[in-house]
There are 2 protein chains.
Amino acid sequence: MSMPLALRIAGIVLVGALASRAVAFDGTVEKKTFSMPSYVTVAGKTVPDVRVGYETYGTLNAAADNAIFVPHFFTGTSHAAGKYKPGDAAPGYWDAIIGSGKPIDTDKYFVVSADCLVNVNPRDPNVTTTGPATIDPQTGKPYGMRFPVVSYRDSVRVHKALLDSLGVKKLHAVIGASGGSIQAMEWAAVYPDFVERVVHVIGPGFEITPYVLEMVDVWTLPIRLDPRWNKGDYYGREEPVDGVAEALTIVTFTTRHYGWADKTFGYKWADATRDPAASMDNKFAISDTLDKGGAARARSADANSILYTARENQLYRLTDEEVKGMKARILFMPARSDLVFPPVLSERAAARYRAQGGVADVVVIEGEGGHLDGLLNIAPQGEAIRAFLAR
Amino acid sequence: MSMPLALRIAGIVLVGALASRAVAFDGTVEKKTFSMPSYVTVAGKTVPDVRVGYETYGTLNAAADNAIFVPHFFTGTSHAAGKYKPGDAAPGYWDAIIGSGKPIDTDKYFVVSADCLVNVNPRDPNVTTTGPATIDPQTGKPYGMRFPVVSYRDSVRVHKALLDSLGVKKLHAVIGASGGSIQAMEWAAVYPDFVERVVHVIGPGFEITPYVLEMVDVWTLPIRLDPRWNKGDYYGREEPVDGVAEALTIVTFTTRHYGWADKTFGYKWADATRDPAASMDNKFAISDTLDKGGAARARSADANSILYTARENQLYRLTDEEVKGMKARILFMPARSDLVFPPVLSERAAARYRAQGGVADVVVIEGEGGHLDGLLNIAPQGEAIRAFLAR
């Protein structure tokens, strides 16, 4: 073998390795923005200049059929995995299962996550969304409550345009938790030939339940009560941060479980020197922690966007025809202690899907963390997800 | 038999029948008031001129040992059975099981119910209570948040003084639901030789759970958010009725169950001509009904009294020694679909009580009504209560 040839071969190998190193997901994430000149909602309203943020992990293959889309939950964002920079306090919410060699293996799959329309955290610098806090180009002011009502289906249609722009020809799977599980099901209903698999984590099945329809309405009550909400017209003034903080405290309470409350807090006072029996000002640890958590989360949240996202959830209701038209294999993954979407809903939906000839599995996430086990305790079921994706 | 004798006998019979008719409970209730010149709370604060309303059904026997006390739940009152006048819209909340010939048989038992301290409905004309809405004789103004913190044990001690005043020597039973179940257990812990039986309906066992400690805190959030609450100083001004209404809406939501929401409301719009997908102003039936219910109940409720009653619940925690000192037979009666105090809590408490040599039964109220099945669906378990009282 002559030197030039050897060098040439080595060079090819080197280029290949470099190319691979350049595109494989190493845990560092870059936020990008997708934009559409305009989008017409399911209800027929036109929204100009729609923008949503997105992240990708891994590489699209030549056949463009190894993509997995990860829609986010109610208070979530498209930051599903990795870190923006090594010093970040925490990685994306599902980093335990998304990454190189992990169950949603970025060495094999091209994973995409995107911010929803009316995302509740428009002030998070890593969120890009179009919603009530967005400037209406016609008036130069935020839409406020003049923004059209949207459903999760609207987010899904915008996200489909994003995937088209990335050249994705087929979704190997859509995997989402809670509000994300709803979008995953919408994907399979609206684009039955595009979606091969759905992982429906802590979801309601094929429609929202009346109970959760009301639960999310309860979440919005403190916002509407806060006088600074001012019927949604607060931009540029004092904002209804107290109402938003209380809403987020109630979100945390309703998405947990009594087992979690026992284990995490017990009967502890917020301050060991201040007995709640002595003064109405003295609090218990659980209330103090949840109130502070709500206040902290309120900083990046927008009041109107919470109301719109609640409505997005309330409008989830696939028709019988839409369910019948679905082709995806579905993995239902409820959480044992979920008081929002209890496992029985997944069992029922799986039975219905099988009865119409569909393929459906149910794997339960064990634990006492409540609904949030689908986000925070997903790791033990990672291998079940890996196996489902390989089938 | 001479005529005079026959008449005399007839007369005796007649007098007996009249006497019986005069004292037996015919379903008509009279509200009375019990007062104490002063009461010293468990925490050592003196409250002058304490008054609580009460009702009695049936007659105390000569041995004064056939009394049954019925403490009320969080948003309840002492109106447990009967009507004040025949035209009343509804009888007391447990009229299905309290009355002549009913499981809590007023032909046999002398049933007493009394309003708690800090009862949440001081504006109900049939409620008498001492709490933050009461005029402080020292200032001539309502106490507001200057009223001392009280626990359910304080209500129980006031109610014991009431029973003493009525000549009751022994309680055949204390029977209460939810907050009333807590007081029933307090009775047995504080007066072990006075209480023979406890029926603990939809209760937590021997202590409040951290989860419900937080749940009742969540109930209070909208009140504290309402600017008209003004840190409790609102008497004689515009009152925080919106915050109270929202609090009561959340109370209803958290004390129900998804099965109830499905059956009662389904996915119905509040107005069949106003699609929630078309406008953020259009509501669903369940939200509309619960919001209106909250607003209606807010009329007789007092904001500060809700905060104090929440704290009463949070302070429920019998010591190990107190539980060990209890002598009453206990019937635990959880509701299958209770998301507040699920049946497992009753099972655990019964096991603990049996382990220390106590007598405990558990009978589950079946249904999908949630926590409120203990109030609204008690009738099917009436015979279990009757049998327990006869043992």
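Residues numbered from 1 in each chain as written. Chains lettered and ligands numbered in written order. Predicted model: local features only at pLDDT ≥ 70, side-chain atom pairs only at ≥ 80, totals over all residues.

**As for the interface of chain A and chain B**
Between chain A and chain B, the residue contacts involve 44 residues of the former and 44 residues of the latter. Put simply, the parts of the chain that give the side of chain A that touches chain B at least two residues each are helix 4 (210-225), helix 5 (241-254), helix 6 (258-264), helix 7 (285-298) and helix 8 (303-314) of chain A. Among the elements that take part in the side of chain A that touches chain B, helix 4 of chain A stands out by supplying ten residues, more than any other. Here the residues of the side of chain A that touches chain B sort into 28 nonpolar, eight polar and eight charged. (Contact = placed C-beta atoms within 7 Å. Helix = DSSP H or I, 4+ residues; strand = E, 2+ residues; numbered from the N terminus. Nonpolar A, V, L, I, M, F, W, Y, C, P; charged D, E, K, R; others polar.)

**Here we look at the relation of the copies chain A and chain B**
Between chain A and chain B, which share one sequence, the superposing operator has a rotation angle of 180 degrees and an axial displacement of 0.0 Å; the RMSD is 0.0 Å. Within this description, the copies of the chain are treated as partners about a two-fold rotation axis. Using C-alpha coordinates, one finds that chain A approaches the rotation axis most closely at Pro222(A), a distance of 2.9 Å. Comparing contact sets, 100% of the residues at the interface of chain A also lie at the interface in chain B, consistent with an isologous, same-surface contact. (Least-squares fit on C-alpha atoms with pLDDT ≥ 70 in both.)

**Details of the packing of helix 4 of chain A against helix 5 (residues 241-254) of chain B**
The geometry of helix 4 of chain A relative to helix 5 of chain B is characterised by a closest axis approach of 11 Å and an angle of 165 degrees between their N-to-C directions. Put simply, helix 4 of chain A runs roughly antiparallel to helix 5 of chain B. For the pair helix 4 of chain A and helix 5 of chain B, the crossing hand works out as left-handed. Mapping the contact onto sequence places Glu214(A), Met215(A), Val218(A), Leu221(A) and Leu225(A) in helix 4 of chain A and Asp242(B), Gly243(B), Glu246(B), Thr249(B), Ile250(B) and Phe253(B) in helix 5 of chain B. Residues of the contact of helix 4 of chain A with helix 5 of chain B, tallied by class, amount to six nonpolar, two polar and three charged. (Axes fitted to C-alpha atoms, helices over the stretch in contact; angles between N-to-C directions. Parallel < 35°, antiparallel > 145°, perpendicular 65-115°, else oblique. Left-handed = near helix turned anticlockwise from the far one by under 90°.)

**With respect to the confidence of the model for chain A**
All names here are of chain A. Here chain A averages 94 in pLDDT, and 94% of its residues register 70 or above. In this model, residues 1-22 is a region of pLDDT below 50 whose contacts with residues beyond four sequence positions or in other chains number one contact. As a predicted assembly, this complex carries a pTM of 0.93 together with an ipTM value of 0.92. (pLDDT = per-residue confidence, 0-100.)

**Some details on the domain arrangement of chain A**
Residue and element names in this part refer to chain A. When cut into domains, chain A gives domain 1 (21-208 + 317-390) and domain 2 (213-310). In this structure, domain 1 and domain 2 have C-alpha centres spaced 26 Å apart. Across the boundary between the two partners, domain 1 contributes 26 residues, which contact 22 residues of domain 2. Considered class by class, the residues forming the side of domain 1 that touches domain 2 number 14 nonpolar, nine polar and three charged. (Domains from an automatic or database assignment.)

**Remarks on the sheet that holds strand 12 (residues 360-362) of chain A**
All names here are of chain A. Spatially, the eight strands line up as an open sheet ordered 1-2-6-3-9-10-11-12, and their pairing is mixed. At either end of the open sheet lies a strand with only one pairing partner, and these are strand 1 (32-40) and strand 12. Each strand of the sheet is rotated relative to its neighbour by a mean of 20 degrees, with strand direction disregarded. Inspection of the sheet shows strand 10 (residues 197-201) paired to strand 11 (residues 329-333) by five bridges, in the parallel sense. For Arg197, the partnering residue across the bridge sits in strand 11 and is Arg329. Contacts from helix 3 (residues 179-190) reach strand 3 (67-69), strand 9 (171-177) and strand 10, with the element oriented near 150 degrees to strand 9. (Pairing = 2+ DSSP bridges.)

**Considerations on the pairing of strand 6 (residues 110-114) of chain B**
Residue and element names in this part refer to chain B. Extensive coverage of strand 6 is indicated by the burial of five of its five residues. Neither face of strand 6 is exposed, since Phe110, Val112 and Ala114 on one face and Val111 and Ser113 on the opposite face are all buried. As judged from the four bridges shared by strand 2 (residues 46-57) and strand 6, these two strands associate in the antiparallel manner. The residue bridging Tyr57 from the neighbouring strand is Val111, located in strand 6. (Buried ≥ 20, exposed ≤ 12 C-beta atoms within 10 Å, placed from the backbone.)

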